[in-house]
Amino acid sequence: MKKLISFATISLSFFLLPGCFNDLNTIPLDADVITSEVVYKDASSYKKVLAKVYAGYAVSGQQGPAGQADIEGIDEGFGQYLRGYWYHQELSTDEALIGWNDQTIKNFHNQTWTETDGFIYAFYSRIFYQISLCNEFIRETSDAKLVERGADENLKTQVKNYRAEARFLRALSYWHALDLFRNVPFVTENDKVGSFFPTQTNAIDLAKYIETELLAVENDIAAPNANEYGRADRAAVWTLLAKLYLNYEAYTGQKKYTECTAVCEKVLASGYKLDPVYQNLFLADNHNSDEIIFPIAFDGINSRTWGGTTFIIRAGIGGTMNPAASGVASGWGGTRTTKQMVEKFPSNTTGLVVAASEGKTATYPKVYVPGSHQATPFDATDTDNALSSPLKNKIYEGHIYFPSDNGEFLIARNPTLGGALGDNDKDGKLETGGARIVVPTAGLYYVTVDLNTGKNTYTIEKRNFSIVGSAAGSWDVDVPMTWDAAKQAMKAKLDLVEGEFKFRVNGDWAVNFGDTGADAILDAAGDNIVITKGGGYEVLLFVDKPDYTYQLGLTSFDRRGHFYKDGQNLEVNDLSIFTDGIAINKFKNITSTGVPGKDSDFPDTDFPMFRLADVYLMAAESILRSNGDKSKALEYVNKVRERAHTGKAGNLELNDLSLDFLLDERARELYWEGHRRTDLVRFGQFANGTYLWSWKGGVKEGVAVDAYRNVYPIPSADIGANPNLKQNDGY
C-alpha cells in the first residue's frame, strides 16, 4: 500500500466538543457516545488517533470526499485544510488567479478581502480545529494518563514519539496562524476542557512558543528518514524552525537569520537528496522521492477529498487542455497564473533552439529502399523509407543506417516489391529482379540511384558525420555523431559555446554541410551555423533524404516552467475567463513512468509541504541576510539550479547572487507550493511594495494596497463570539 500511515476510521467528535461532558474520563450511559476512556483501552488506538490528526491536513470529514464534515458552514471542498491554505498563500499573489464567481473568492487576488470573508473564516476555523485535535491527543498522552491506564514501557516509548509528532503538528498549524493572522486565540493542552473564552496571544509570544515547542520535541521525534512515510521526523522539525527563523523579523522585528542557517544546515546534512528530475516531485508516485521532507499524503482510494491535490490539479485544467494528460477525468477551469510569473522564466521552456524543417521533401520524386534495415524487413509499403530527387532529374539520394553487417536492400520505383531493382553482378548496375545489394559492414551509408535512360546505376558510400567548429571547441578536431534509432537521426550531445560550426563527413572538408539562410535546411558547403547561446546541446542530423535538416536543443535549460500556453492569453483582461492567463500543469495524477493514478477523480499525488530545495534556498537567503559566507550561499543556490537546468549552464556567478534574485528563484522553484505570499511579505513586496502584478488591488495593471493587508483579519464571527479578541490593525 502506498501510504504507510493509515488514516484512522475512529470518530473523534469528542475532541471538538469537550464541553459536552464535565469529565472526559467518565463513561457515559449512552453506548453511542465515544470517550477517551473507551478509545484508549486498546493500545493500538494511540496510533489510529494520531493518524486522524495527520489526516486533518488531507481530508475534510469522517466520510470523504464529502459527508460528516469536520467543520460546518462551508462546502467541504472549500473547507479542506490544504485548499484553504493554498487560497491564502497563492491566490493573493502573482502565482495564481481564479476565474470562479464563488462568493468572495476573487477578493484574494484583488487583495480586497474583509473581516467577514467566508473563505478566511473557513480556513481560520480549520486551523483551530487542527490545533484542537492536537491538544486533545497531547492531553490524552501525558505520562500521568499512561500510568493511569497501566501502559507498559514499550507503549510509553511509542506514545512519547507519537506525542512529539502531535506537538510538531500543532506547532505547524500555529505557525500557519502566526504567518497569516499574527494575533490569534491561544489554547494548549493545559487549558481546561469545556467552554471558555481563549485569550489572545501576539506575534512575539506566539513565535517564541512555536520555537520552544519545536526545540522541546527535537530529540523525542524520529531521526531523519527514520519514520514511516507521511509522518514527521527531526528534519521536518528543523525545516519548520528554519521557516520560523527566516520570517522572524517579519513577525516580531527580531532577527534570527544565523539560527535559520544553522538549522538549515542540519537538514542539508540529514540524508535527504534533491530528486534528479524536478517533475517527479509533483506526480502520483512522488512518495518515492528522496527530496520530500514532509508531505500531506493523498490516495485516490483511501483519502478522497475535493480539496488537496484534487483541487490543485483539476482546478488548473480548462481551455484546450486534455484532462487525461494529467491523469484526471475532467478539469474545473479555474486557476492559472499571471504574465509576471511566466516572465520570470526564460522564454524558451522547451530547450528547442532550432527546429528541424521538412523543407520541400514532400514535393520531390522518390524511389523506395526495402531492405533488412527496416523494422519489418523488405517492407516496400513503407513510403517514408525512400531516396529523393531534389532536382527532379531521376537522380535520387539519401542516407540509410544498417544496424548489422551484411545488410541487404533493393530499389523499388513504386511501393511494392514487384519489379524491384537489384544487382546480379555486384557492379553497380541495377537490373529488374536482380539480386539483393549487400552492405558488408554496419553503419550509415550515402546511397545514390541514377535511373536516367541508359544508366540504372547506384553508389553506396559509408559516412561518419561529425561536428567541427569554434562553437564545438576547434575547427581542427571533430566531435563524432552516433546513430539514434528511436529518433532516426545522427546525434551528438556536447557543450557548445558562442561561435560557429558545420557538419562534415569522414573528417574531411570534401563533403560538408552548413546552413545558408539559417532556415534549418542543410546546404552542401553552406554557411557556418551560428551558436549565439552557449550550453549543453543535443544536436540531431536528419539525412535520410533531401531536404537534409538538423535540430538544436539545449540539454541544459530551466525545466521548471510547466506552463500550458496553447489557446491561452498572456494578458489577463477578464479574471472570469479561463483562457485569460497561462495555465500551469505542474501537478499531475500520473506516475513518473506515465501510468495514471488509481482513480481519475481523486489523485494519488502527495503535496510536498517541506522539501529539500526550499531548505537550500532558505539557507542561501539567511546567509545573505546575516552577511555570512556568500560563496556558501552561491553553492546552495547553484545546487538547485543545476537540477533545474540538468547541468551547470544555469549556474550563477558570485556577483549575480542577490536577495532580489532569490525572491524570483524561489518563485521559479516553488510556485504553487504554498510559499509565495510569505516570501513576498518577507521581502516587502506583498501589499505596499513596488512589485505589481495583474489585477493586484483589483486593477488590471496592478496597484499597491495598504500595508495592513500583509496580515489577514481575525474573522468578525470570532471577534463577536470572544470578548478577549481584538481585530488586527486596518480591519
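None of these values were measured; they are calculated from a predicted model.

Enquirer: Help me understand the overall build of the chain, please; the structure alone is not making it clear to me.
Expert: Along its length, the chain carries 20 helices and 28 strands. Taken along the three principal axes of its C-alpha coordinates, the chain extends 110 × 55 × 45 Å. When contacts within the chain are restricted to residue pairs at least 6 apart in sequence, those whose partners lie at least 24 apart make up 67%. For the chain, the exposed surface amounts to about 28,700 Å²; the carbon and sulfur share of it is 49%.

Enquirer: Any chance you could explain the nonpolar core here in plain terms?
Expert: Nonpolar side chains in soluble globular proteins generally cluster together in the buried interior. Y87, F168, I210 and F294 are the most contacted members of the largest nonpolar core, which has 148 residues in total. The contact partners of I210, leaving out residues within four places of it in the chain, are A171, Y174, W175, L178 and L244. Grouped together as the second largest cluster of nonpolar side chains are 28 residues, F465, A471, L496 and Y537 included.

Enquirer: How should I be thinking about the packing of aromatic side chains in this particular structure?
Expert: Two aromatic rings, taken as a pair, are described by how far apart their centres are and by the angle between their planes. With the rule as written, the count across this model stands at 45 aromatic pairs. Where Y174 meets F186, the ring centres are 5.3 Å apart and the plane angle is 40 degrees; that geometry is what we call tilted. Of this pair, Y174 sits in helix α9 (residues 153-181) while F186 sits in strand β2 (residues 185-186), and the two are twelve residues apart along the sequence. Consider the rings of F402 and Y445, whose centres lie 6.0 Å apart with planes at 75 degrees: the pair is edge-to-face.

Enquirer: Looking at this structure, how should I read the sheet that holds strand β18 (residues 482-484)?
Expert: Strand pairs in the sheet, formed through backbone hydrogen bonds, run parallel or antiparallel to each other. A sheet is described by the order of its strands in space; here five strands give the open sequence β6-β25-β24-β19-β18, paired in antiparallel fashion. Of all the strands in the sheet, the pair left with one neighbour each is β6 (352-354) and β18. Between one strand axis and the next, the sheet turns through 35 degrees on average, direction left out of account. In terms of strand pairing, β18 meets strand β19 (residues 489-496) through three bridges, oriented antiparallel. Opposite T482, over in β19, you have K491 as the bridge partner.

Enquirer: Any chance you could explain the pattern of salt bridges here in plain terms?
Expert: A pair can form between side chains of opposite charge whenever their charged atoms are brought close. For the structure shown, the criterion picks out 48 salt bridges. The partner of R167 in a salt bridge is E213, with the nearest N and O atoms 2.8 Å apart. Here R167 is found in helix α9, whereas its partner E213 is found in helix α10 (residues 203-217), with 46 residues between them in sequence. In this structure, R682 and E621 form a salt bridge, with 2.6 Å as the shortest nitrogen-oxygen distance. Here R682, found in helix α19 (residues 676-682), pairs with E621, found in helix α16 (residues 612-625); they are 61 residues apart in sequence, far enough to count as distant. Overall, R682 belongs to the buried group, its relative accessible area being 10%. Each of E291, D558, R560, K586, R611, R641, R643, E665, R668, E669 and E673 takes part in one network of salt bridges that share partners.

Enquirer: Can you walk me through the state of the cysteines in this structure?
Expert: Simply put, disulfide is the name for a covalent bond between the sulfur atoms of two cysteines. Applying the stated criterion to the full structure yields zero disulfides. Its sulfur unpaired, C264 is 4.0 Å from the next cysteine sulfur, which belongs to C260. On the basis of relative accessible area, C264 is assigned to the buried category, the value being 0%.

Enquirer: Where do I start with the confidence of the model for the chain in this structure?
Expert: Atomic detail in the predicted coordinates should be set aside for any region of low pLDDT. Scored by pLDDT, the chain has a mean of 93; 95% of the residues are at 70 or more. Within the model, the stretch residues 1-33 combines pLDDT values under 50 with 74 contacts to residues more than four positions away or in other chains.

Enquirer: For this particular structure, what's the right way to read the packing of helix α3 (residues 45-55) against helix α7 (residues 118-139)?
Expert: Two numbers describe a pair of packed helices, the interaxial angle and the distance between the axes. Two numbers describe how α3 lies on α7: the axes approach to 10 Å, and their chain directions differ by 165 degrees. With respect to α7, the axis of α3 lies roughly antiparallel. Every pair of crossing elements has a handedness; the one defined by α3 and α7 is left-handed. Contact residues: Y46, V49, L50, K52 and V53 in α3; Y129, Q130, L133, C134 and F137 in α7.

Enquirer: Help me understand α16, please; the structure alone is not making it clear to me.
Expert: Every α-helix carries 3.6 residues per turn, so stepping three or four residues along brings you back to the same face. For α16, spanning 14 residues, the distance from its first C-alpha to its last is 20 Å, which sits close to the expected 20 Å at 1.5 Å a residue. Taking burial as the measure, the 14 residues of α16 include 13 buried ones, the bulk of the element. Count one or two residues on from α16 and you reach N627, which has phi positive near 55 degrees.

Calculation notes
- All chains use their own residue numbering, which begins from 1 and follows the written sequence.
- Only residues with pLDDT of 70 or above have their local features reported here, since the model is predicted, and side-chain atom pairs are shown and tallied only from 80 upward, although totals for entire chains, interfaces and linings are computed over all residues.
- As a convention, hydrogens and water are excluded, and side-chain values are obtained from all of the structure's heavy atoms.
- By definition, any uninterrupted DSSP run of H or I lasting at least four residues is a helix, any uninterrupted run of E lasting at least two residues is a strand, and each is numbered from the N terminus.
- Contact between two residues is taken to exist if any of their heavy atoms lie within 4.5 Å; hydrogens are not considered.
- In these tables, accessible area is a Shrake-Rupley quantity obtained with a 1.4 Å probe, and a residue counts as shielded only by the protein chains included in the view.
- We define a nonpolar core as any set of buried Ala, Val, Leu, Ile, Met, Phe, Trp, Tyr and Cys residues linked to one another through side-chain atoms lying within 4.5 Å.
- Only protein chains enter the accessibility calculation, which uses a 1.4 Å probe; a residue whose area is less than 20% of its type maximum is buried, one above 50% is exposed, and one in between is partly exposed.
- Aromatic rings from Phe, Tyr and Trp, taking only the six-membered ring of Trp, are treated as a pair when their centres fall within 6.5 Å; an angle between ring planes under 30 degrees marks them as stacked, one over 60 as edge-to-face, and anything in between as tilted.
- Strands were regarded as paired on the criterion that DSSP finds at least two bridges between them.
- As a rule, the C-alpha atoms of each element are fitted with a line to give its axis, helices using only the stretch in contact, and angles between N-to-C directions run from 0 to 180 degrees.
- The term salt bridge refers to a side-chain nitrogen of Lys or Arg lying within 4 Å of a carboxyl oxygen of Asp or Glu.
- Disulfides are defined in this document as cysteine sulfur pairs within 2.5 Å.
- The quantity called pLDDT is the predictor's confidence in a given residue, expressed from 0 to 100.
- Roughly parallel refers to an angle under 35 degrees, roughly antiparallel to one over 145, roughly perpendicular to one between 65 and 115, and oblique to any angle outside these ranges.
- Crossing handedness follows the turn of the near helix against the far one: under a right angle anticlockwise gives a left-handed crossing, and clockwise gives a right-handed one.
- How far a helix is expected to stretch is found by multiplying one less than its residue total by 1.5 Å.

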